[in-house]
Amino acid sequence: MNRATPFALLTNGTALQWTAVPEWPLADFLRHVGAELGRGERLSSLFGVPEGGALRLVAVLAFDAGNTLAVGRSQPFAGSFPALTATHAQAHLFEREIWEQHGAVPENHPWLKAVRKDHGAGPAVGDFFRVDGREIHEVAVGPVHAGIIEPGHFRFQCAGEEVLHLEIALGYQHRGIEEALAGGPHRATVYQMETVAGDTTIAHATAYATALEALAGAEAPLRAQWLRAIALELERLANHTGDLGALAGDVAFLPTASACGKIRGDFLNLTALLCGNRFGRGLVRPGGCPQDGEPERLAKLRERLETALAEVQQAAAWLWDAASVRTRFENTGHLHAKQAAEIGLVGPAARACGLVRDVRFDHPAGWFRFAQVPVSVWPDGDVFARARVRWLEIQRSGEFLREQLDTAPEGETLAPLPALAPDALAVALVEGWRGEVCHVALTGADGRLRRYKITDPSFHNWTGVALALRSQAISDFPLCNKSFNLSYCGFDL
Amino acid sequence: MFVHDTLLNRLKRGCETMAYPAGPAPALPDRHGGALRVEAAKCQAGCAACVAVCPTEAITRPPNQAVALDLGRCIFCAECIKACPAGAITQTGDHRLAVRRRDDLVLGEAGREQLRLAVALDAKLRRLFGRSLKLRQVSAGGCNACEADTNVLGTIGWDLGRFGIQFVASPRHADGLLITGPVSKNMELALRKTYAAVPEPRIVIAVGACAIAGGPFVGHPQVNNGAGALVPVDLFIPGCPPHPLTILDGLLRLLGRLEDAPRRS
């Protein structure tokens, strides 16, 4: 990083003193954040920290090209603030969230409404954007869906079959996770971190553990970092495989759908082989990993991994070979690279628009400092590209596991965690299978958590689903939605 | 050419659906542990080591009373097992966990060391649902793990369809609900409406620690601490999440289809 920035720079998975975070009057803070976003930097998180009766804003920016993170904060203020969203769409949901959580109004926000509607009688539905006209009709879907899916509400404005606008209202899954963290960590905290999004247990638990370890000035033993990386890639394999199968199912291509349904379970069982739980519960703890893998267990893992990888290779080959699949995948749910960059898209969805961004590569922490995974990119931005990136990542994760299982570091897997440093801020990013999981932890003078901000990749990406649906046939919604496969609970917290 | 490939592949692989319940149940992962057994009689006087480590307050020991572990609140983290100096809490490795009454999940005192496993529906409901049970799934604050491991029962390995059990796209087509999640306040209305839309007679199945008692979110003002607060529950399937085998066992047990198994094999 050689250009000047007023922000404090830090590496992923590290902490700095709260007083070392540069502080500006509100207007300057917003100007600085706006300037960095204008240069094309990414907003990883933007949130409020209450201070007395006033509020501070804190921004965590990702300078991907510089492999560094940047933080800054505003001086405490009361009342409203001019919305960044007016010029920088990346801030859109963050500013709505700040308004909802702290009551500070982002002035001139183009679409200010609740994100989750805490403590209300109902979720965040309310006034929807409406298109008027004689041929226009509105379609409402959810919160309860046709299959076994989490709840969310989708409101379509359609002209015949064509979707002119889709608005997504979430909040149904809100369980008060961030609020409960104040004064923590509590006895239940690590279990809540594992269930922020239950299909992303390893990524969220690793981000949480890394943040706490950074605050404690400790690092997990090397072998624990290695185990976490193994588990993270297994999580990616299971979910990507499931997604390929589900995408195949949505276009009625049953060979791949039924094969991948089973293989996904085989990958989950590999995680269960390590820790007993198919979703990796109990695998990651602050300080390391409580359960090691003995050589016979790892040999069995390696053997079963090969079988599952060979099977998914076969199932994917059918998918790419079928013209009927390609015609349904190609040019469906298209998102331009420019749009993706504007809204701050992350993960496979962003890489499927040709954006080269991957925490494992841009901001390596833990074992990824020593073992890299190439970034898988596809340029087209449609359903095909999102499926294709998943397939590329399945191959890369498979290769990574093959290599890493042979080169395990020796040693302990768990070390006691020292007390958390008081008045310090830590940032931990992990590339979960949906994209960037961001945890920001701030301690108070007593060394307890004062504020904890979680940003699931879905928080960035739901807007992408809405944009991808524009001028699509409404009948393609299931396919488009599945091609993103975002988390409801990870968004709702 | 994929048509040729897939057909050949399918022929080579044969039927991939497990033999269970006609054959033996697949093994749980060795580190899973299965159900818990609690022998309060082994507890040392005045000891409450397990109570202090339980993240969901599933364990209680009022003064001069026996320890009680509520497997409905339990998320199977095994911290209590590590903490117990007397070995009063043990893992049985048993995948069978489903019960019919909430109270049957409370373990500890003499005669109640283990779960009282679910009995089948009465004869009338069995006649109605025994060979065809259509369920509407409502995720109400679930983290997508219980949902995923319910969904997996539809894959070729488990093939839930062979039991006539199916998840349907409308409550009007359903015989009951399968609920996951602690029932967030924001899903309360949707759950009530969905339940009301299911024609009677109807059954309710609560899958996972959240749906039974709130799971890791128990006590949060944003949740209802389980489905039981809103609708009558007929079957409780503990776990965080329950293993697919545990869910399947619960469903078959409810329909009285497990006693038949030995005869067919």
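Residues numbered from 1 in each chain as written. Chains lettered and ligands numbered in written order. Predicted model: local features only at pLDDT ≥ 70, side-chain atom pairs only at ≥ 80, totals over all residues.

Q: Could you give me a rundown of the overall build of chain A, with the residues and numbers involved?
A: Looking only at helices and strands, one finds 16 helices and 14 strands in chain A. Taken over C-alpha atoms, the radius of gyration comes to 22 Å for chain A, in line with the 23 Å a tight globule of 493 residues would show. When the backbone C-alpha atoms are referred to their principal axes, chain A occupies close to 70 × 60 × 45 Å. Here chain A holds 493 residues, and 61% of them are scored as buried. In chain A, the proportion of contacts linking residues at least 24 apart, taken out of those at least 6 apart, comes to 69%. (Helix = DSSP H or I, 4+ residues; strand = E, 2+ residues; numbered from the N terminus. Rg over C-alpha atoms; globule rule 2.2 N^0.38 Å. Buried ≥ 20, exposed ≤ 12 C-beta atoms within 10 Å, placed from the backbone. Contact = placed C-beta atoms within 7 Å.)

Q: How would you sum up the overall build of chain B? Please name residues and give values.
A: Scanning chain B for helices and strands turns up nine helices and 10 strands. With the C-alpha coordinates aligned to their principal axes, the bounding extent of chain B is approximately 70 × 40 × 40 Å. Residue burial in chain B is summarised as follows: out of 265 residues, 50% are buried. In chain B, of all internal contacts separated by at least 6 residues, the share reaching a separation of at least 24 is 78%.

Q: Explain the sheet that holds strand E7 (residues 165–167) of chain B residue by residue, including any values.
A: All names here are of chain B. Taken in spatial order, the five strands line up as E7-E6-E8-E9-E10 in an open sheet, and their pairing is parallel. A strand with exactly one partner marks an edge of an open sheet, and here the two such strands are E7 and strand E10 (235–237). Between one strand and the next, the sheet's axes are offset by a mean angle of 25 degrees, whatever the strand orientation. Judged from the five bridges that link them, strand E6 (residues 133–139) and strand E8 (residues 176–180) form a sheet pairing that is parallel. Across the sheet, Val138 pairs through a bridge with Ile179, a residue of E8. (Pairing = 2+ DSSP bridges. Axes fitted to C-alpha atoms, helices over the stretch in contact; angles between N-to-C directions.)

Q: Kindly report on the domain arrangement of chain A, identifying the contributing residues and their values.
A: Residue and element names in this part refer to chain A. Looking at chain A, the domain boundaries give domain 1 (8–107) and domain 2 (199–444). Distance between the C-alpha centres of domain 1 and domain 2: 28 Å. With 23 residues of domain 1 in contact, the opposing surface of domain 2 contributes 23 residues. Of all elements in the fold, only strand E2 (14–17), strand E4 (42–51), strand E5 (54–63) and strand E6 (68–74) reach the threshold of two or more residues within the side of domain 1 that touches domain 2. (Domains from an automatic or database assignment.)

Q: Please give an account of the interface of chain B and chain A that cites residues and values.
A: Residue-level contacts link 47 residues of chain B with 47 residues of chain A. The set of elements that each furnish at least two residues to the side of chain B that touches chain A consists of helix H1 (2–13), E6, helix H5 (145–151) and helix H6 (185–197) of chain B. Counting residues per element, the side of chain B that touches chain A draws most heavily on H5 of chain B, which supplies six residues. For the side of chain B that touches chain A, the residue count by class is 23 nonpolar, 19 polar and five charged. (Nonpolar A, V, L, I, M, F, W, Y, C, P; charged D, E, K, R; others polar.)

Q: Tell me about the domain arrangement of chain B, residues and numbers included.
A: All names here are of chain B. Entries for chain B in the domain assignment read domain 1 (36–107) and domain 2 (123–256). One C-alpha centre belongs to domain 1, the other to domain 2; they are set 25 Å apart. If you look at the interface, domain 1 gives 17 residues, while domain 2 gives 21 residues. Of the residues in the side of domain 1 that touches domain 2, the class split is nine nonpolar, three polar and five charged.

Q: Break down the sheet that holds strand E13 (residues 435–443) of chain A for me, with residues and values.
A: Strands pair in a sheet through their backbones, by hydrogen bonds, and they do so in one of two ways: parallel or antiparallel. Residues and elements named next belong to chain A. Reading across from one edge, E2-E12-E13-E14 is the order of the four strands in this open sheet, with antiparallel pairing throughout. Here the strands that pair on one side only, and so sit at the sheet edges, are E2 and strand E14 (449–455). The mean inter-strand angle of the sheet, taken between neighbouring strand axes irrespective of direction, is 15 degrees. Pairing of E2 with strand E12 (residues 424–432) involves four bridges; the strand directions are antiparallel. Across the sheet, residue Ala15 finds its bridge partner in E12, namely Ala426. Helix H5 (residues 201–216) contacts E2, E12 and E13 of the sheet and is inclined by roughly 155 degrees relative to E12.

Q: Describe in detail the environment of Leu486 of chain A, supporting the description with residues and values.
A: Residues and elements named next belong to chain A. Residue placement: Leu486 occurs in the loop between helix H15 (477–484) and helix H16 (489–492). Linking Leu486 and Pro457, residues 29 residues apart in sequence, is a C-alpha distance of 8.0 Å. The residues contacting Leu486, other than those within four sequence positions of it, are Arg434, Ser458, Asn461, Trp462 and Val465.

Q: Run through the environment of Asp456 of chain A, naming residues and quoting values.
A: All names here are of chain A. Looking at the secondary structure, you find Asp456 in the loop between E14 and helix H14 (457–468). Sequence separation between Asp456 and Ala89 is 367 residues, and the spatial gap between their C-alpha atoms is 17 Å. Once residues lying within four places of it in the same chain are set aside, the contact partners of Asp456 are Val196, Ala197, Val437, Ser487, Gly490 and Phe491.

Q: Run through the environment of Pro199 of chain B, naming residues and quoting values.
A: Residue and element names in this part refer to chain B. Examined against the element boundaries, Pro199 turns out to sit in the loop between H6 and strand E9 (203–207). Looking at Pro199, the number of C-beta atoms within 10 Å reads 10, which means it is exposed. A sequence separation of 25 residues divides Pro199 from Ala174, and the C-alpha atoms of the two residues are 7.4 Å apart.

Q: Describe the pairing of strand E9 (residues 136–141) of chain A, and please don't skip the residues or the numbers.
A: Residue and element names in this part refer to chain A. E9 sits mainly on the outside: zero of its six residues count as buried. Bridge analysis of E9 against strand E10 (residues 153–159) gives six bridges, and the strand direction is antiparallel. Among the inter-strand pairings, Ile136 is bridged to a residue of E10, identified as Ala159.

Q: Break down the pairing of E6 of chain A for me, citing the residues and quoting the values.
A: Residues and elements named next belong to chain A. Among the seven residues in E6, six count as buried, and that is most of the element. Note that strand E1 (residues 8–10) and E6 share three bridges and pair antiparallel. Residue pairing across strands places Leu10 opposite Leu69, the latter belonging to E6. Inspection of the sheet shows strand E3 (residues 23–24) paired to E6 by two bridges, in the parallel sense. Across the sheet, residue Trp24 finds its bridge partner in E6, namely Ser74.

Q: Residue-level account of the packing of helix H6 (residues 222–250) of chain A against H15 of chain A, with values.
A: Residues and elements named next belong to chain A. Where H6 contacts H15, the axes come no closer than 9 Å and their chain directions differ by 175 degrees. For the element pair H6 / H15, the angle class is roughly antiparallel. For the pair formed by H6 and H15, the contact residues are Ala246, Leu247 and Asp250 on the first element and Pro478, Leu479, Lys482 and Ser483 on the second. (Parallel < 35°, antiparallel > 145°, perpendicular 65-115°, else oblique.)

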